[in-house]
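The chain contents come next:
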Amino acid sequence: MPTADLVLAELEHVYDPEVDEPVTEMGFIREVEVAGSDVVVHMQLPQYFCAPNFTYLMVDDVRRAAEKVVGPGHVRINLDGHFEADKINAAMSEG
């Protein structure tokens, strides 16, 4: 059964493409919720206007990393506090 710790361990391999640091060390992962085989990762970047292309890449990388633990279709990413959060969250939901 997946745990938040297992997901976080996998997320340590996801790097911010601009500064080449793990998103976990930069504090971008606010919370990981696990309910059975489903995972919700809550993310927030340090600025409202972080570049949307890099933000999309990071969110997608986080989704893919979490899916390594629980499998495709069982991960939802909630990006908060970004001017394109609604669009990016919708794109992640659509796969």
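Here the residue numbers are simple positions, counted from 1 along each chain's written sequence. Where local features are concerned, this predicted model is filtered to residues with pLDDT of at least 70; where side-chain atom pairs are given and counted, the filter is 80 or more; whole-chain, interface and lining totals use all residues. Only hydrogens and water are removed before side-chain values are computed, so all heavy atoms of the structure are retained for them.

A word on the nonpolar core. Among the nonpolar cores identified, the biggest contains 24 residues, and Leu11, Ile29, Val41, Met43 and Val62 are the most heavily contacted of them. Elements are defined by DSSP. Helices are runs of H or I of four residues or more, strands are runs of E of two residues or more, and each kind is numbered from the N terminus. Broken down by secondary-structure element, the contributors of at least two residues to this core are α1 (4-11), β1 (29-35), β2 (38-44), α2 (52-70), β3 (75-80) and α3 (85-94). Ranked by the residues each element gives to this core, the list is headed by α2, at 6 residues. Pairs of residues are marked as contacts when any of their non-hydrogen atoms sit within 4.5 Å. Once residues lying within four places of it in the same chain are set aside, the contact partners of Ile29 are Leu8, Leu11, Val23, Thr24, Val41, His42, Met43 and Val62. Residues belong to one nonpolar core when they are buried, are Ala, Val, Leu, Ile, Met, Phe, Trp, Tyr or Cys, and are joined through side-chain atoms within 4.5 Å. Only protein chains enter the accessibility calculation, which uses a 1.4 Å probe; a residue is then buried when its area is under 20% of its type maximum, exposed when over 50%, and partly exposed in between.

The strand order across the open sheet formed by 3 strands is β1-β2-β3, and the pairing between neighbours is mixed. At either end of the open sheet lies a strand with only one pairing partner, and these are β1 and β3. Geometrically, the sheet is characterised by an average inter-axis angle of 15° between neighbouring strands, direction not taken into account. Across 6 bridges, β1 lies against β2 in antiparallel orientation. Note on β2: the bridge partner recorded for Ile29 is Met43. Here an axis means a line fitted to C-alpha atoms, over the contact stretch when the element is a helix, while the angle between two N-to-C directions is reported on a 0 to 180 degree scale. α1 rests against β1 and β2 of the sheet, and its axis sits at about 135° to β1. Strand pairing is defined by DSSP finding a minimum of two bridges between the two strands.

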